[in-house]
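Summary of structural features
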Amino acid sequence: MTTTDDYASYIASLPRVLAGAAALYRDAAGRVLLVEPNYREGWALPGGTVESDRGESPRTAARRESAEEIGVDVPLGRLLAVDWTIGPDRPPLVAYLYDGGVLDEARLASIRLQEEELLSWRMVEPAELTAYLPGALGRRAQEAYRVLQSREGTAELENGRRPVTP
């Protein structure tokens, strides 16, 4: 018979996996909204860590992070991509990317950056995403945009690429 202590020890021994969630917001011209963090080089999509210890789902995290980071709090659309990424100096990450929808001029003009984390924002052509977003994040964003345009189902990715299947 398994005791509560045995079960707790087993759970504590399991590998650690991080979870993140973001939204792909666009303007009427189809450009993608990126944010510039102040805590690292480069650009990112609005989003962040899923607070699973608080019972938060990836969808809820993407919406919460968007509201905190850029002041945009709108219901998110469908899940565009799920990406399993392995990175140096961190546990594996499963990243969820949702359709944030098209932001009209008034919504774009109302963006207010979270000054504790962000320096600026900009709209970028989809073809330029990998130039602004590093590694798997850039590939993930481009693949999600492609899925959105093609109306395909959710993309399953590994390090931003579709896995090779037999």
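What this report covers is the structure whose coordinates are included nearby.

Criteria and cut-off values
- Residues numbered from 1 in each chain as written.
- Predicted model: local features only at pLDDT ≥ 70, side-chain atom pairs only at ≥ 80, totals over all residues.
- Heavy atoms only, no water.
- Helix = DSSP H or I, 4+ residues; strand = E, 2+ residues; numbered from the N terminus.
- Buried < 20%, exposed > 50% of the residue type's maximum accessible area, 1.4 Å probe, protein only.
- Polar contact = N/O pair within 3.5 Å; in protein donor to acceptor, adjacent residues only side chain to side chain.
- Contact = heavy atoms within 4.5 Å.
- Salt bridge = Lys/Arg side-chain N within 4 Å of Asp/Glu carboxyl O.
- Expected span 1.5 Å × (residues − 1).

As for unusual backbone geometry
- Although it is not a glycine, Asp89 adopts a positive phi angle of roughly 60°.
- With respect to the helices, strands and loops of the structure, Asp89 is situated in the loop between β4 (79–85) and β5 (93–102).
- Its identity as a non-glycine residue notwithstanding, Asn159 has a phi of 55°, on the positive side.
- The residue Asn159 is located in the segment after β7 (155–158) in this model.

Description of the side chain of Glu56
- Considering the arrangement of structural elements, one finds Glu56 in the loop between β3 (47–49) and α2 (58–70).
- With relative accessibility at 13%, the residue Glu56 sits in the buried group.
- Within the local environment of Glu56, its side chain forms a polar contact with the side chain of Arg64, the two groups lying 2.6 Å apart.
- Setting aside anything within four residues of it in sequence, one finds Glu56 in contact with Thr49, Val50, Glu51, Ala61 and Arg64.

Let's talk about the pattern of salt bridges
- Evaluation of the coordinates by the stated rule reveals 13 salt bridges.
- Close ionic contact of Arg54 with Glu51 constitutes a salt bridge, the shortest N to O distance being 3.1 Å.
- Arg54 gets classed as exposed once you look at its relative accessible area, which sits at 68%.
- Glu51 gets classed as partly exposed once you look at its relative accessible area, which sits at 24%.

Considerations on α2
- Helix length check: α2, at 13 residues, gives a terminal C-alpha distance of 18 Å against a target of 18 Å (1.5 Å per residue), a fit within 8%.
- Along α2, the positions that sit buried rather than exposed are Ala61, Ala62, Arg64, Glu65, Ser66, Glu69 and Ile70.
- Against β1 (18–26), β2 (32–37), β3, β5 and β6 (118–124) lie the buried residues of α2.
- At the C-terminal side of α2, Gly71 shows a positive phi close to 75°.

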